[in-house]
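# Coordinates in review
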Number of protein chains: 2
Amino acid sequence: MMPRMQPELLARALNDLRGLLGNRLADSEALREQHGRDESWHPPCPPDAVGFPESTREVAEIARICGEHAMPIIPYGAGTSLEGQLIAEHGGLSLDFSKMNRVLEVNAEDLDVRVQPGVTRNQLNDWLRPSGLFFPIDPGADASLGGMVATRASGTNAVRYGTMRENVLSLELVLAGGRVIRTARRARKSAAGYDLTRLFVGSEGTLGIVTEIGLRLFGLPEATSSGVVAFPDIGEAVETVIETIQSGIPVARIELLDALQMRAVNRFSKLDYAEAPTLFLEFHGSQAGVREQAEEFGEIAASHGAGEFRWATELEERKRLWQARHDAYYAALALRPGCKGWTTDVCVPISRLTECILETQRDLEQSFLTAPLVGHVGDGNFHTLLLVDPDSPEELAEAKRLNDRMIERALAADGTCTGEHGIGLGKREYLRSELGDAVDVMGEIKRALDPDNLMNPGKLVA
Amino acid sequence: MMPRMQPELLARALNDLRGLLGNRLADSEALREQHGRDESWHPPCPPDAVGFPESTREVAEIARICGEHAMPIIPYGAGTSLEGQLIAEHGGLSLDFSKMNRVLEVNAEDLDVRVQPGVTRNQLNDWLRPSGLFFPIDPGADASLGGMVATRASGTNAVRYGTMRENVLSLELVLAGGRVIRTARRARKSAAGYDLTRLFVGSEGTLGIVTEIGLRLFGLPEATSSGVVAFPDIGEAVETVIETIQSGIPVARIELLDALQMRAVNRFSKLDYAEAPTLFLEFHGSQAGVREQAEEFGEIAASHGAGEFRWATELEERKRLWQARHDAYYAALALRPGCKGWTTDVCVPISRLTECILETQRDLEQSFLTAPLVGHVGDGNFHTLLLVDPDSPEELAEAKRLNDRMIERALAADGTCTGEHGIGLGKREYLRSELGDAVDVMGEIKRALDPDNLMNPGKLVA
């Protein structure tokens, strides 16, 4: 058990916070429990209270009060993180942004938008639809945009549109003690000083609290075509992806699901896809451009023994297809009711992807755990979902062993332990293996901006 | 005059540096003068000595020695910076990277490369040509890649390929005192901790010294087509650009030159273009894709009264065309022999670009200074080149007045005082107007990583 706040100090802090937030400060056990967990296998640990701010001004005042009483703050979006980012090991205040969920300003001519952090990606895209614009970053879950900033999320469209790193234009932040800053203005590019926007994207709430987000938008493509195609073995599927990327075909999505994951998807979503290694694809462009991309891709796939394509061009069909892909996580969990998911997240240079996936599959075949595999393979990023009973030390040990081997293999291939889920609690021990003394520099930045270690303490940097 | 090192301390530092570098430490007046200036109007100020390191190990040892004797270090690439980044106001050691100019590793399959910081962008692209790959970032001058990292350079291709921000994969750095870190591995994306790569891209040598750079590469497009087209007035040219960007046409380059700049280009490069507001364009893609883009663009341009297109599809023709564009800076200087260039660099949201350019042109018409205008207008970024006699206080005051007005206008449009040249000495006073208290955070990061203020002191942050 980590040290938590002393009861008298906590009582004073809660008293001050209640003065500010009234009944928007809650400490019922149910709410605290709900806010002390994420979607991962990590053992939950509740915060001392949950606050529901409604404005930047309130967040700044909360940070001031928490600074005065040394109370940790853990920002909370949609609760979909996967590395324990929300778990309140040191107690403190969970700051729930569900009441700060307004789209503040759409600048259609400039292809940008300003939102509050509680807006979810589906909410934003529903809002944008009439304007013919969309925000492409899509981690699968209907995450909050604040949470997506915090973990530097990416997902299925990153191969074409980049990650949150490339698509956040500016941030408004509340820092420890209550200072409010804005990291950039609305120009598409700037060389004005240190890139604070990028420093805070991916900082997992450990440097400050996101209170507003400027995002890049894109015009909905004139034509969109999605397809599904199965392969005789996983190696051929991965080689198809590698050649596609190397040929410069601007594929918008290219997702791998292994045979076990396809079985899970069929069961969960009542579909009848072949239960073989499969690619889910999407092309964006002009009518002619999409046709050209699909043809070029088709030739590469055929040379690797691909089966028949199942295409979906109508919006409703495409939605069904991608819903099945997005439900892959829940479909996998349903293979073993009551289990939790231990999701791995390595990402490697694409030339090393086939060997990494094949060796991982050999490991999985020899393990007693069940683990489907899905991948944003165009980026070199893939996940296995290790289905574990969180109460079984034996299963957790086996999951850790498999994860360790995957990470060791990824680092040997000059890759990373986490492509998109972040460090949180779950990857701290690997960060130094990956980046060596650069981790000290992260610690120095953390200490400079949060000397009392109140911003999501214990996550990312020790 | 800023405080410089005490003579005894300097002598000791130089003695230690000479022990390490031998005759690769120089303090001849000619070399010192050459290293104390850049291509801007800023008054030069020489360093105390110039070192020519050959390895990361040597740079680390230099940083250790300089730390011991409190000697400032100013990294030097090709000397093409435009905001006084190289000027040694506090003296110290200029670290010239011309001997660290090797391409270390091309990973063609992964579309990436590892280079030393002294490699220039032309040198890299010459090296890459046989592989069918290229590095797109093109600030015009044949800058060193280390310098391009330092200033977060962009230029003509940024509208399609992004800036150095998007195209640096990883950095090896020597920090104050001699620590060596690597910011990332070779995976295309990562959520492993704070984004130190992006923190150092654009830090202008004030946080550490770049000793190796990992860069993204792209396949040479199947087809490339360049063209030049004139417009009846500058407003129509800018509106054409705005509609092109808003339509999502993936133009690779779209550059504006005003009538005066076209006159300068014709004279300097012995060409016969119309002396009217002109767009220089380039399209990259498949044969069909390039045709389609050019047609769509042509329709937009025609609706704004564009003249006839002059196309260049052969490599040699295209080279000539872009050489003329790249020589624009020197062509403009040649309008007034012996003058210096005071280059402005604002960047605004594209919906505000027409008004910003038109109001700027009105200012210029009413000024006694000559100032051609060029712009990376697809990004909302444009430059005027104010031709000044650096010995005339009156001309410098007028240039400052014009620059102040442009920056005020850009900030009112939620833009930036610098799209791509950086802060250096020339923009420090505007940084706080643009970013407010975020500048304090930059100072805190600077102090955390360089507590003795030895890394390019006085630049970017005070």
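For clarity, every value in this text was computed on a predicted model and none was experimentally measured. (Residues numbered from 1 in each chain as written. Chains lettered and ligands numbered in written order. Predicted model: local features only at pLDDT ≥ 70, side-chain atom pairs only at ≥ 80, totals over all residues.)

### Considerations on the overall build of chain A
In terms of regular secondary structure, chain A is built from 17 helices and 18 strands. Oriented by its inertia axes, the alpha-carbon framework of chain A measures out at about 70 × 55 × 45 Å. Considering chain A as a whole, with its 462 residues, one finds that 58% of them fall into the buried category. For chain A, the proportion of contacts with a sequence separation of at least 24, taken over those separated by at least 6, is 72%. (Helix = DSSP H or I, 4+ residues; strand = E, 2+ residues; numbered from the N terminus. Buried ≥ 20, exposed ≤ 12 C-beta atoms within 10 Å, placed from the backbone. Contact = placed C-beta atoms within 7 Å.)

### Quick look at the environment of A:Leu86
Residues and elements named next belong to chain A. With respect to the helices and strands, Leu86 occurs in the loop between β3 (73–76) and β4 (93–96). In this structure Leu86 comes out as buried when scored by C-beta crowding, with 31 C-beta atoms within 10 Å. Residues Leu86 and Asp38, spaced 48 residues apart in sequence, show a C-alpha to C-alpha distance of 6.2 Å. Residues in contact with Leu86, not counting those within four places in the same chain, are His35, Gly36, Arg37, Asp38, Ile74, Tyr76, Gly79 and Ser81.

### Remarks on the domain arrangement of chain A
Residues and elements named next belong to chain A. Its domain assignment divides chain A into domain 1 (7–98), domain 2 (100–219), domain 3 (223–331) and domain 4 (336–435). Between the C-alpha centres of domain 1 and domain 2 there is a distance of 22 Å. Residue-level contacts link 20 residues of domain 1 with 25 residues of domain 2. Elements supplying a minimum of two residues to the side of domain 1 that touches domain 2: α3 (56–69) and β3. By residue class, the composition of the side of domain 1 that touches domain 2 is ten nonpolar, seven polar and three charged. (Domains from an automatic or database assignment. Nonpolar A, V, L, I, M, F, W, Y, C, P; charged D, E, K, R; others polar.)

### Here's the deal with the relation of the copies chain A and chain B
With an RMSD of 0.0 Å, the operation that places chain A on chain B is a rotation of 180 degrees combined with a shift of 0.0 Å along the axis. Overall, the copies show the geometry of a two-fold rotation axis. In this assembly, 100% of the residues forming the interface of chain A have copies in chain B that are likewise at the interface, indicating an isologous arrangement. (Least-squares fit on C-alpha atoms with pLDDT ≥ 70 in both.)

### Focus on the interface of chain A and chain B
Contacts between the two partners involve 70 residues from chain A, matched on the other side by 70 residues from chain B. Mapped by element, the contributors of at least two residues to the side of chain A that touches chain B are α7 (164–167), β9 (180–182), α8 (196–200), α11 (287–302), α16 (428–435) and α17 (438–449) of chain A. Top element by residues in the side of chain A that touches chain B is α17(A). It accounts for eight residues.

### Notes on the sheet that holds strand β3 (residues 73–76) of chain B
Sheet strands pair via backbone hydrogen bonds, and the direction of the pair is either parallel or antiparallel. All names here are of chain B. A sheet is described by the order of its strands in space; here four strands give the open sequence β1-β2-β4-β3, paired in mixed fashion. Both outer strands of the open sheet, β1 (25–26) and β3, are each paired with one neighbouring strand and no more. As paired elements, strand β2 (residues 49–51) and strand β4 (residues 93–96) share three bridges and run parallel to each other. Along β4, the bridge assignment pairs Gly51 with Leu95. In the packing of helix α1 (residues 7–21) onto the sheet, the strands contacted are β1, β2 and β4, and the crossing angle to β2 comes to about 25 degrees. (Pairing = 2+ DSSP bridges. Axes fitted to C-alpha atoms, helices over the stretch in contact; angles between N-to-C directions.)

### Quick look at helix α17 (residues 438–449) of chain B
If you check α17(B), its first and last C-alpha atoms are 17 Å apart, about what twelve residues at 1.5 Å a residue would give, namely 16 Å. Burial in α17(B) covers these residues: B:Ala438, B:Val439, B:Val441, B:Met442, B:Ile445, B:Lys446 and B:Leu449. Seen end-on, α17(B) carries its buried residues on one side only, within an arc spanning 155 degrees. Against β9, α8 and α17 of chain A together with α16 (428–435) of chain B lie the buried residues of α17(B). (Expected span 1.5 Å × (residues − 1). Arc of directions from axis to C-beta.)

### Points about the pairing of strand β14 (residues 278–285) of chain A
Both faces of the sheet carry side chains from a regular strand, because those side chains alternate between them. Residues and elements named next belong to chain A. When you tally the buried positions in β14, you get eight out of eight residues, the bulk of the element. Here strand β12 (residues 223–230) runs beside β14; their pairing, made up of eight bridges, is antiparallel. Within β14, the residue paired with Gly227 across the bridge is Leu281. Alignment of strand β13 (residues 253–257) against β14, held across five bridges, turns out to be antiparallel. Residue pairing for β14: Arg253 is matched across the bridge by Glu282.

### A look at the sheet that holds β3(A)
Pairing is mixed across the open sheet formed by four strands, whose spatial order is β1-β2-β4-β3 (chain A). Every other strand in the sheet has two partners, leaving β1 (25–26) and β3 of chain A as the edge strands with one partner each.

### Focus: the packing of helix α9 (residues 234–246) of chain A against helix α14 (residues 353–365) of chain A
All names here are of chain A. At a minimum axis distance of 9 Å, the contact between α9 and α14 shows a crossing angle of 160 degrees. One finds that α9 runs roughly antiparallel with respect to α14. In terms of crossing hand, the pair formed by α9 and α14 is right-handed. Counted together, Ile234, Gly235, Val238, Glu239 and Ile242 of α9 and Leu353, Thr354, Ile357, Leu358 and Gln361 of α14 form the full contact between these two elements. A per-class count over the contact of α9 with α14 returns six nonpolar, three polar and one charged. (Parallel < 35°, antiparallel > 145°, perpendicular 65-115°, else oblique. Left-handed = near helix turned anticlockwise from the far one by under 90°.)

### Quick look at the pairing of strand β5 (residues 103–107) of chain A
Residue and element names in this part refer to chain A. Summarising the sheet, β5 and strand β6 (residues 112–115) pair through four bridges and their orientation is antiparallel. The residue of β6 that forms the bridge with Glu105 is Arg114. Counting the residues that bridge the hairpin from β5 to β6 gives four residues, and of these Leu111 lies at a positive phi of roughly 55 degrees.

### Quick word on unusual backbone geometry
All names here are of chain B. Within the chain, Glu204 stands out as a residue other than glycine whose phi angle is a positive 55 degrees. Mapping Glu204 onto the fold places it in the loop between α8 (196–200) and β10 (209–216). Take Glu204: there are 28 C-beta atoms within 10 Å of it, and that puts it in the buried class. Even without being glycine, Asp414 reaches a positive phi, approximately 65 degrees. Judged by C-beta crowding, with 19 C-beta atoms within 10 Å, Asp414 ranks as partly exposed.

### Remarks on the packing of helix α9 (residues 234–246) of chain B against helix α11 (residues 287–302) of chain B
All names here are of chain B. Their axes nearest at 9 Å, the elements α9 and α11 cross at an angle of 140 degrees. Accordingly, the angle class assigned to the pair α9 and α11 is oblique. At the point where α9 passes α11, the crossing takes the right-handed sense. Of the residues in α11, those touching α9 at Thr240, Glu243 and Thr244 are Phe297, Ile300 and Ala301. A per-class count over the contact of α9 with α11 returns three nonpolar, two polar and one charged.

### Some words on the environment of B:Leu199
Relative to the assigned elements, B:Leu199 resides in helix α8. The exposure class of B:Leu199 is buried, given the 23 C-beta atoms found within 10 Å. A C-alpha to C-alpha distance of 19 Å links B:Leu199 and B:Gly177, two positions 22 residues apart in sequence. With residues up to four places along the chain from it excluded, the contact list for B:Leu199 reads A:Tyr194, A:Asp195, A:Arg198 and A:Leu199.

### A few points about the environment of B:Leu402
You can see B:Leu402 is positioned in helix α15 (residues 393–412). Every residue in contact with B:Leu402, bar those within four places of it in the chain, is listed here: B:Asp363, B:Ser367 and B:Leu386.

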